[in-house]
Amino acid sequence: MALYKYFIKRLALTLPTLIGVSIIVFLLIHMIPGDPVDIMLGDRVTDAARLALEERLGLNQPLHIQYWNWFSNAIRGDFGISIRSNQPVIEEIMSRLPATVELTVVALLIAVIFGILFGVSAARYRNTPIDYSMIGFSLLGVSIPIFWLGMMLIFFFSVMLGWLPVSGRLAMGTAIPQVTGLYLVDALISGKIGAFWDALKHLALPAFSLATVSLALIVRVTRSSMLDILSEDYIRTARAKGVHESKVIYTHALKNAMIPVVTVIGLQLAKLMGGAILTETVFSWPGIGRLIITAIGVRDYPVVQGVVFFVAFAFIAINIVVDLFYAYLDPRIRYD
Amino acid sequence: MPDLSLLKVNNLKIEFATDRSKILAVDGIDISLKRGKTLGLVGESGCGKSVTALAIMGLLPRHASISGEVFFKERDLLKLKNKDMAKIRGNQISMIFQEPMTSLNPVFNIEYQMAEVFKLHRGKSGKEVRPEIVDLLRTVGIPNPERRMKDFPHQLSGGMRQRVMIAIAMACEPDILIADEPTTALDVTIQAQILELMNELQRVHDTGLLMITHDLGVIAQVAEKVVVMYAGHIMEYSGVKEIFSDPLHPYTRGLLKTIPRISRKTKRLEEIKGTVPHMSNVPPGCRFHDRCSERLARCSKETPPVSQVNGRTVRCWLY
Ligand SMILES: Nc1ncnc2c1ncn2[C@@H]1O[C@H](COP(=O)(O)OP(=O)(O)OP(=O)(O)O)[C@@H](O)[C@H]1O
Ligand code: SF4
Ligand SMILES: [Mg+2]
């Protein structure tokens, strides 16, 4: 069937995309002035020591050889050793990945669930105060910078009201047994309700800051998509059958209206990943975003390369999932 | 004297308030429909046919204001709560639409869209109704119903989709079926089959049929009585034989000339010159006067009243 062929094609395109991305990042990071040797050793060091370190890190070789060395190891699953910490890159990534996954997934859930709910209500109660407040919210939401929003939220909820913590994933002294590394999940598995609550409180502000822009966009797209669909003939048919209005909205209209919304959600995932770097910085959230910022700072080439490779891979995988979801929503794609 | 009508519409007025103007789409019409009978509603585009049907169904948008009465089994539908009206729609009163290509929901299969009516009005669910769905699809002439019911709308032709719409409308054996130009979008052979099918179902279930069309040829095939509408007014209302043998209203005569006849195949079809007035700007006097070939002096000043001629209703100064 066509869908299956399409899926294979997408998978086949994954490898060239990953190679392309890794080459671009490789060139970019080597173009930033300063190299790890300077940063680690400073200026007051002998040329001999400098050369020795360069030799050890392989930095004395031509760029294309350096890339080839990295690449031939990477496809065997070896992403090298962090220059800064001397830990394998894969371990550095794995130890921080769950924090980022937890943050982005919760942010995504907030954006999708509330975005759709608000967007549908705005369309259903078009030209009423409900609609106007949703439009106002979404205009505001898309134009607020995450950085600023994060600081305002910290100022208001943490500093002034003292309701929520300023930073980190858990309060000092709270412990959660590590299973998945996702604290909310781990706390539930081990039945530690107190720890779950603590993790949730730490997550609230960063997740909300990260979600806002996407939430606002999803509200807008859902609203306009719903308004289009609600004037379709088949909506009139549903009503003529005696279907109750809320079912007309949430079943007959929403499933159709979701098709453009899913596109936007797919695009928002890229934004969320980018936004995660900012959010993690503002809230000292120990995830991938913080890792790569630090790594760029000290020119820790293997870590930067490894993180980008991972993120690109995740991104491609997510897009394939989004496409599958399309096919679920729209039978016209499924049967073409 | 007891009135045997199933549906009785009295002095129905429908007005749309838009930003700039008010549109009086229907201006005080009276019609009635009996069990097992067919009432034809004809008129050119924009004269208020669909709006009348939607008002009966309670499906007009919120910015429409409706007055008058729509009696169905001793209840005024215009006074019902939305929840109670939903119980009647698709159950006791059904409607099929002009646009078979877009009237079915593209993301649900045929079985789902049919099962929904049984779920809503009969409280039956899922697998229970499968045999009934298969039967219904077979009745409306869909081959291979067991397989076809798994199809999505885009996999069916326009004629097939209209058959599905009819099946959905007839599922609960309604007392009244409103058909708003059900065959206009279909080609001629399919058109004849669909009309045939509707006639048959109507006969079996003793359904009252309100057939809306701008095609008097369709009316001749199916209706017992005819309402001729023009610009929100009823211009003539009488039996179908009288309409064809002795049309009273100049507008009716104009419409009759537009029917194609095989006997005069070479001549171009005649049409009534001019267009339907826009309802935000209704002309004074008779609404048809600027297109009427039998116009009298008073026609452009005074609106003709409804009068009775040999038991027939007509609105024209000639009578
Ligand atoms: N939702 C609406 N808002 C404003 N005006 C409307 C609306 N629906 C219909 N009208 C107006 O009401 C008048 C009658 O429209 P209606 O759809 O009943 O015509 P019709 O007789 O069914 O014509 P057709 O043969 O084209 O279907 C038209 O002038 C139209 O502009
Ligand atoms: S009232 Fe006058 S203008 Fe109107 S249809 Fe009759 S003759 Fe023609
Ligand atoms: Mg119409």
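Residues numbered from 1 in each chain as written. Chains lettered and ligands numbered in written order. Predicted model: local features only at pLDDT ≥ 70, side-chain atom pairs only at ≥ 80, totals over all residues. Heavy atoms only, no water.

1. Brief notes about the overall build of chain B
1) Next: Helix and strand counts for chain B come out as 10 helices and 12 strands.
2) Next: What you see for chain B is a C-alpha radius of gyration of 20 Å, in line with the 20 Å of a compact globule of 319 residues.
3) Next: If one aligns the C-alpha atoms of chain B with their principal axes, the spans along those axes are about 70 × 50 × 45 Å.
4) Next: When burial is assessed residue by residue, chain B has 54% of its 319 residues classed as buried.
5) Next: For chain B, restricting intrachain contacts to residue pairs at least 6 apart in sequence, the fraction spanning at least 24 positions comes to 63%.
6) Next: A total accessible area of about 15,100 Å² is found for chain B, and carbon and sulfur atoms account for 51% of it. (Helix = DSSP H or I, 4+ residues; strand = E, 2+ residues; numbered from the N terminus. Rg over C-alpha atoms; globule rule 2.2 N^0.38 Å. Buried < 20%, exposed > 50% of the residue type's maximum accessible area, 1.4 Å probe, protein only. Contact = heavy atoms within 4.5 Å. Areas by Shrake-Rupley, 256 points an atom, 1.4 Å probe, with all protein chains shown as cover.)

2. Structural notes on a nonpolar patch on the surface
Residue and element names in this part refer to chain A.
1) Next: Judged by side-chain polarity, Val101, Val105, Leu109, Ile113, Phe114, Leu117 and Tyr250 come together as a nonpolar surface patch covering roughly 590 Å² of accessible area.
2) Next: Structurally, leucine 117 can be placed in helix H5 (residues 89–124).
3) Next: Residue classification places leucine 117 among the partly exposed positions, given a relative accessible area of 40%. (Patch = residues over 30% accessible without salt bridge, like charges linked within 9 Å, V, L, I, M, F, W, Y side chains within 5 Å. Salt bridge = Lys/Arg side-chain N within 4 Å of Asp/Glu carboxyl O.)

3. As for the site of ligand 2
1) Next: Surveying the vicinity of ligand 2 reveals the residues B:His249, B:Pro250, B:Cys286, B:Phe288, B:His289, B:Cys292, B:Glu294, B:Cys299, B:Pro304, B:Cys316, B:Trp317 and B:Leu318.
2) Next: Among the residues making up the shell around ligand 2, the classes are represented as 9 nonpolar, 2 polar and 1 charged. (Near = heavy atom within 4 Å. Nonpolar A, V, L, I, M, F, W, Y, C, P; charged D, E, K, R; others polar.)

4. Focus on the environment of B:Lys119
All names here are of chain B.
1) Next: Tracing the sequence through the fold places lysine 119 in helix H3 (residues 110–122).
2) Next: Its relative accessible area of 36% is what places lysine 119 among the partly exposed residues.
3) Next: Considered as a pair, lysine 119 and valine 129 are 10 residues apart in the sequence and their alpha carbons are 8.6 Å apart.
4) Next: Those residues in contact with lysine 119 that lie beyond four places of it in its chain are Lys124, Ser125 and Gly126.

5. Here we look at the nonpolar core
Looking at soluble globular proteins, one finds that nonpolar side chains tend to be buried together.
1) Next: The biggest cluster of nonpolar side chains holds 99 residues, and the ones touching the most others in it are B:Leu137, B:Ile166, B:Ile178 and B:Met198.
2) Next: Mapped onto the domain boundaries, this core takes at least three residues apiece from domain 1 (5–92 + 176–189 + 208–315) and domain 2 (100–171) of chain B.
3) Next: Once you skip the residues sitting within four places of it in the chain, B:Ile178 turns out to touch B:Ala53, B:Ile56, B:Met57, B:Ile93, B:Ser94, B:Met95, B:Ile96, B:Leu210 and B:Ile212.
4) Next: Counting residues in hydrophobic clusters, the runner-up holds 55 residues, among them A:Ile116, A:Val248, A:Val264 and B:Val107. (Core = buried A, V, L, I, M, F, W, Y, C linked by side-chain atoms within 4.5 Å. Domains from an automatic or database assignment.)

6. Description of the packing of helix H10 (residues 233–240) of chain A against helix H11 (residues 245–282) of chain A
All names here are of chain A.
1) Next: Their axes nearest at 10 Å, the elements H10 and H11 cross at an angle of 150°. When the axis of H10 is compared with that of H11, the two are roughly antiparallel. Between H10 and H11 lies a crossing whose hand is right-handed. On H11, the residues touching Tyr234, Ile235, Ala238 and Arg239 of H10 are Glu245, Val248, His252, Ala253 and Asn256. (Axes fitted to C-alpha atoms, helices over the stretch in contact; angles between N-to-C directions. Parallel < 35°, antiparallel > 145°, perpendicular 65-115°, else oblique. Left-handed = near helix turned anticlockwise from the far one by under 90°.)

7. A few points about the confidence of the model for chain B
1) Next: Counting all residues, the mean pLDDT for chain B is 89, and 95% of those residues have values of 70 or more.
2) Next: Scored as a complex, the prediction yields pTM 0.84 and ipTM 0.89. (pLDDT = per-residue confidence, 0-100.)

8. Some words on the site of ligand 1
Residues and elements named next belong to chain B.
1) Next: Around ligand 1 sit 14 residues in total, of which Ser45, Gly46, Lys49, Ser50 and Val51 are the nearest.
2) Next: The backbone of glycine 46 places a nitrogen or oxygen atom 2.7 Å from an oxygen atom of ligand 1.
3) Next: The backbone of valine 51 places a nitrogen or oxygen atom 2.9 Å from an oxygen atom of ligand 1.
4) Next: Alone, ligand 1 offers 640 Å² of accessible surface; in the complex the protein occludes 72% of this.
5) Next: Of all the secondary-structure elements, those providing two or more residues to the shell around ligand 1 are strand S2 (22–34) and helix H1 (49–57).
6) Next: Ranked by residue count, the leading element in the shell around ligand 1 is H1, at 3 residues.
7) Next: By residue class, the composition of the shell around ligand 1 is 6 nonpolar, 5 polar and 3 charged. (Polar contact = N/O pair within 3.5 Å; in protein donor to acceptor, adjacent residues only side chain to side chain.)

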